[in-house]
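Chain residues, written in single-letter form:
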Amino acid sequence: MVKNYLKIAIRNLLKNKSISFINIFGLSAGMAVTMLIGLWIWNELSFDKYYQHYDHIADVWQRQTAGANSGAFNSMPIPLAAELRNTYPGDFKNVALASYGTHTLSACNQKFTRRGMFIEKGGPELFTLNMLKGSRNGLKEPGSILLSASFARALFGDKDPMDQLVKIDNNNKLIVKVTGVYEDFPENTTLYEMTYMVPWELFVNTWDWVKDAKDNWSFNSMHIYVQLSDQADMDKVSAKIKDIKTLHAEKESGVTTDIFLHPMKKWHLYSTFENGVNVGGQIRYVKLFGLIGLFVLLLACINFMNLSTARSEKRAKEVGIRKAIGSMRKQLVWQFLSESLLVAVFSFVISLMIVLVVLPWFNQVADKHIHILWDQPGFWLIGIGFSLVTGLLAGSYPALYLSSFQPLKVLKGTFRVGRFAAVPRKVLIVVQFTVSVFLIIATVVVYRQIQYAKNLPVGYTRDGLLSIQMTTPEIYQNYQVIHDELIRSGAITELTQAQGPVTDIWTGSGDFEWKGQRPDQLQSFATIGAKFGYGKTIGWQLLQGRDFSPDFASDSMGMILNEAAVKYMGLEHPVGEIIRRGGKEFHVLGVVKNMIMTSPYDPVQPAIYYFLAEGGNFINIRINPKMSASKALAIIQDVMQRYNPAAPFAYTFADQEYGKKFSEEERIGKLSTFFALLAIMISCLGLFGLAAFVAEQRTKEIGIRKVMGASVFQLWQLLSKDFALLVAISCLIAIPVSWYCLNNWLQQYRNHTTIVWEIFAFTGLGALMIALLTVSYQSAKAAMANPVKSLKAE
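Residues numbered from 1 in each chain as written. Predicted model: local features only at pLDDT ≥ 70, side-chain atom pairs only at ≥ 80, totals over all residues. Heavy atoms only, no water.

### Focus on unusual backbone geometry
Using the following cut-off: For helices the rule is a DSSP run of H or I covering at least 4 residues; for strands it is a run of E covering at least 2, with both sets numbered from the N terminus onward.
A positive phi angle, near 50 degrees, is found at Cys 108, a position not held by glycine. Considering the arrangement of structural elements, one finds Cys 108 in the loop between β3 (92-107) and β4 (110-119). Its identity as a non-glycine residue notwithstanding, Asp 163 has a phi of 70 degrees, on the positive side.

### Observations concerning the environment of Ser 720
The condition is simple: Buried means the residue's accessible area, taken with a 1.4 Å probe over protein chains only, is under 20% of the maximum for its type, while exposed means over 50%, and partly exposed covers the values in between. Any two residues whose heavy atoms approach within 4.5 Å at even a single point are treated as in contact.
If you trace the backbone, Ser 720 turns up in helix α23 (residues 712-746). Taking relative accessible area as the criterion, Ser 720 reaches 2% and is therefore assigned buried. Once the C-alpha coordinates of Ser 720 and Ala 691 are considered, the two residues, 29 residues apart in sequence, prove to be 8.3 Å apart. If we skip the residues at most four places from it in the chain, Ser 720 touches Leu 772, Val 775 and Ser 779.

### Points about the environment of Leu 356
By the element assignment, Leu 356 lies in helix α11 (residues 329-366). Its relative accessible area of 46% is what places Leu 356 among the partly exposed residues. Along the chain, Leu 356 and Ile 372 lie 16 residues apart, while their C-alpha atoms are 8.0 Å from each other. In this structure, Leu 356 is in contact with Ile 372 and Trp 374, ignoring residues within four places of it in sequence.

### A closer look at the pattern of salt bridges
This is how it is decided: Salt bridge, as used here, is a side-chain nitrogen of Lys or Arg placed within 4 Å of a carboxyl oxygen of Asp or Glu.
Under the counting rule described, the total for this entry stands at 16 salt bridges. A salt bridge links Asp 160 to Lys 133, with the shortest nitrogen-to-oxygen separation between them at 3.9 Å. On the criterion of sequence distance, the pair formed by Asp 160 in the loop between α5 (149-156) and β7 (165-168) and Lys 133 in strand β5 (residues 131-134) is long-range, its members being 27 residues apart. Measuring nitrogen to oxygen at the nearest pair gives 3.9 Å for the salt bridge that ties Glu 187 to Lys 368. Pair noted here: Glu 187 is in the loop between β8 (175-182) and β9 (196-199) and Lys 368 is in the loop between α11 and α12 (377-402), with a separation of 181 residues, a long-range link. Counted as one network, the salt bridges with shared partners bring together Glu 44, Glu 187 and Lys 368.

### A closer look at the side chain of Gln 227
Looking at where Gln 227 falls in the secondary structure, it is placed in strand β10 (residues 223-228). Residue classification places Gln 227 among the buried positions, given a relative accessible area of 3%. Dropping the residues within four chain positions of it, Gln 227 is found in contact with His 53, His 56, Ile 57, Asp 91, Phe 92, Lys 93, Asn 94 and Leu 126.

### Notes on the nonpolar core
As a reminder, the rule being used: For the purposes of this section, nonpolar cores are sets of buried Ala, Val, Leu, Ile, Met, Phe, Trp, Tyr and Cys residues that join through side-chain atoms within 4.5 Å.
By size, the foremost hydrophobic cluster in this structure holds 76 residues, and its most contacted members are Trp 40, Phe 362, Tyr 534 and Tyr 609. Among the elements that line this core, the one with the most residues is helix α2 (residues 17-45), at twelve residues. In contact with Tyr 534, not counting residues within four places along its chain, are Thr 496, Gln 497, Ala 498, Val 502, Ile 528, Trp 540, Met 597, Tyr 609 and Asn 620. Among the nonpolar cores identified, the runner-up in size contains 49 residues, and Ala 81, Ala 107, Ile 145 and Ala 213 belong to it.

### With respect to helix α16 (residues 479-489)
Basically, it comes down to this: As used here, the arc is the angular range of directions from the helix axis to the C-beta atoms.
Looking only at α16, the buried set comprises Tyr 479, Ile 482, Glu 485 and Leu 486. With its buried residues spanning 135 degrees around the axis, α16 presents them on a single face. Buried positions along α16 lie against α15 (473-477), β15 (492-498), β24 (618-623) and α19 (629-643). Phi for Gly 490, located one or two positions after α16, is positive at around 80 degrees.

In structure tokens, the structure reads:
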């Protein structure tokens, strides 16, 4: 029986090639999109599951509250780690202090600037490094280092890296021996960019400021990772340690501090905190794309339903004869379902081919390394089950509808589908175009939001501004020589040092006092150390007072505030005001316009710029606009390599770094555009098939109207108006729904664009034009056909 079902199904598919092509191609496209989104979601949901102790690892955070204001961050004081380890031994199996950083590593005449971490000796076991050489105990020696496999190859080539010496930042105190090589972390892990691990003791013994912070409970600067005991409950342990910092740190007036654990399973998908509360994060995109995948697949299934039921009259006699010779309705249902399942299986095979072709582009746009899980039985079970469900979903309504025909009426020729038979098809068309129009409007709004954020005034001049991180002693020793030679070369106009890059905030502090300060004013100010010429180099806009100047010795005790800091402090006349910090008094020299240094979607953080007495960690350079960037870079590289030979010439342009802040939204925008175009294509494909059927169904009517004098335009109008009306109804539904959803989406950004009526007008008009162009071919073809042929045909 099954063999007979399949044989008849194949015959029907071959008999109706155009409809079969539309069904198979439409379903294939829908299934391919759903498969791509499924692989992307799998990648997101499996984030950090590479680590064996995934369910028991957490990052330690603190929440500070003053009045109605609250903030959460994961920078912790150093002594907290020992306190957790010693006070709660039954709850924590492993506690590891860590500090991330970018350093220059050199060995065997090779030098690279890479990101890595100083971490306590339990760190490799906590993160379950997959050791290719050596063991996870490799950091027990103070002068040791663990390298990732790819970084070890970069440094040593084919040479065995074990026991080789590596120099960090060309510092004689930081000469370490390779004691292990571990497998590179996968792309979907938090530590993906960590290419080396160095013992924590070396970090403490190298820098004096770290030694000073060893016992300071108020100095928040490090990460603390913990692994809970197998029997420990994350929430209960988090509640236990809530007040641990309050018991040791100096009490701040009006401020309460709570310590809590942020589990690894939330690091990626739930990474956003607002007012001290976790409000989600990447999970919103997982839900969004999951819905889009279901909608696109639904559109493809709607095509199948519409085209199958539309051709019901063509198969009415077949159903009548089958019932007359004894076929039961259940057998007919299985016959039509077998056709649907066959289409779904063909579509699944073709969708795999589509995914193979599209996946490299998809990975590039999504910034992923996704691959088809060929070796996973679960993938095939889901894929096959997915095809069966899709086939049943797409074929259930046509099967039940066609099998319900009465054989007596069909064979007597009195069967008519009825005046309301087309209503379900029309409803489904409205659903299709409603989803398509919504996706198009969403794509436009996302694009506008990205452009709006990009065009916000940043408060400094990005063009021609580059930064070089200072990682070796030579660059500090030769700084003045580098400065003078580059100025003389004419390649640059300004050069200065700063503590941190222009496009990010690395340090913050809340230990400031000022006149009129309220007890509930808890605010972590961004603190940026700057030398003379910083403002001129970056091109900030001075609103009041003046810049740091070498002509005034007292400027070493001066500060410059941004507008947000002045507003927060409530200073009416800020220039000359006294700000106290650490028992010292500083005077305000000037006020600068707010600069966007972090996310352009967030409000500008109050910032205080202080004079940098010691050397900074970044050199900011303004390229001479009269010289080409390539020529200027060649000169800068030559000078830097002569006076700083131990480090590779690495730089970043401010405009490029600023552009990276939009990478997530741009990826979402590109993927949304892709899905929206596919949705409209699948919808139009179904519309094209229905238009062909309607034109075929009304062949005689068209012939009679043409003989009676109807013009081609009138006939085109007759055949197209119903479809145009359905698309118009779709627009009327999609517009208010999209406005409501997208307006709520925009509210999550402090700085956001507005939704203008032109978006809805042009999208609705565009959808209508696309629909009319889709049906016009079939309508025009039918209208221009010879009426003699249509009238003499039975």
